[in-house]
Amino acid sequence: MSTSIQTPKTSRNRNPKIVINADDITHLEGLVDGMMRRHPALADRLLDEISRARIVSPSKMPKNVVGIGSTVTYRDESTRQNKTVTLVYPEDADITQFRVSVMTPIGVALLGLAEGASFYWDTRENQRRTLTIIGVEQPEIDI
């Protein structure tokens, strides 16, 4: 059985470009500090994502990019199945409601990606999976 992995069109083969809302940076960095003792590899991965991200003001955040509160549909390239989840902070996570914490392997992988991006993530069982972002919806904002 052969496995084909789609490579994103970037200068780094495995790291598509990411964008993060400036309003989320302080909270995300605080989460990294708290995770360093319990899950250092995951904390390091989130730090790597933050360090390579383009940080933008909320008004400049592209609508097709996954941020905290975004609902994202992605396809698992190995199973060809689509899944829809909402990316949230750990305190708002609820897998029964498909609310995935940014401090999980899939949450870190989704953060900052745009529609059409393909990326890999390592499951908790140390399996490498390739996923493609199919669609991103932003939360309704009450004014």
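Residues numbered from 1 in each chain as written. Predicted model: local features only at pLDDT ≥ 70, side-chain atom pairs only at ≥ 80, totals over all residues. Heavy atoms only, no water.

Draft legend 1. Expanded view of the pattern of salt bridges. Taken as a whole, this structure holds 4 salt bridges when the rule is applied. The salt bridge involving Glu-77 is made with Arg-75; its shortest N-O contact spans 3.2 Å. Salt-bridge contacts for Arg-129 lead to Asp-76; the nearest nitrogen and oxygen are separated by 2.6 Å. Separated by 53 residues along the polypeptide, Arg-129 in strand S7 (residues 128-137) and Asp-76 in strand S3 (residues 71-76) bring together distant segments of the chain. Residue classification places Arg-129 among the partly exposed positions, given a relative accessible area of 21%. One network of salt bridges, in which partners are shared, links Arg-75, Glu-77 and Arg-80. (Salt bridge = Lys/Arg side-chain N within 4 Å of Asp/Glu carboxyl O. Helix = DSSP H or I, 4+ residues; strand = E, 2+ residues; numbered from the N terminus. Buried < 20%, exposed > 50% of the residue type's maximum accessible area, 1.4 Å probe, protein only.)

Draft legend 2. Just the confidence of the model for the protein chain, in detail. Summary statistics for the protein chain give a mean pLDDT of 85 and a share of 88% for residues scoring 70 or more. Predicted confidence for residues 1-13 stays below pLDDT 50, and this span has 13 contacts to residues more than four positions away or in other chains. (pLDDT = per-residue confidence, 0-100. Contact = heavy atoms within 4.5 Å.)

Draft legend 3. Here's a closer look at the nonpolar core. Counting residues in hydrophobic clusters, the biggest one holds 33 residues, and the most contacted among them are Ile-20, Leu-28, Leu-46, Val-102, Leu-110, Phe-119 and Ile-133. Mapped by element, the contributors of at least two residues to this core are helix H1 (22-35), helix H2 (40-52), S3, strand S4 (81-88), helix H3 (105-110), strand S6 (118-122) and S7. The leading source of residues in this core is H1, at 5 residues. Among all residues touching Val-102, those that are not within four sequence positions of it are Leu-28, Leu-31, Ile-68, Leu-87, Val-88, Tyr-89, Pro-90, Gly-107, Val-108 and Leu-111. (Core = buried A, V, L, I, M, F, W, Y, C linked by side-chain atoms within 4.5 Å.)

Draft legend 4. The arrangement of the sheet that holds S6 in detail. On the basis of which strands lie adjacent, the open sheet formed by 5 strands has the order S5-S4-S3-S7-S6 and mixed pairing. Each edge of the open sheet carries a strand with a single partner, namely strand S5 (99-101) and S6. Direction aside, the axes of adjacent strands within the sheet are offset by 45° on average. (Pairing = 2+ DSSP bridges. Axes fitted to C-alpha atoms, helices over the stretch in contact; angles between N-to-C directions.)

Draft legend 5. The side chain of Asp-24, seen in detail. By the secondary structure assignment, Asp-24 is in helix H1. Of the buried charged residues, Asp-24 lacks a salt bridge, with Lys-63 as the closest side chain of opposite charge at 12 Å. Engagement of the side chain of Asp-24 in a polar contact is seen with the side chain of Tyr-89, the distance being 2.8 Å. Contact partners of Asp-24, with chain neighbours within four places excluded, come to Ile-68 and Tyr-89. (Lys, Arg positive; Asp, Glu negative; His and termini not counted. Polar contact = N/O pair within 3.5 Å; in protein donor to acceptor, adjacent residues only side chain to side chain.)

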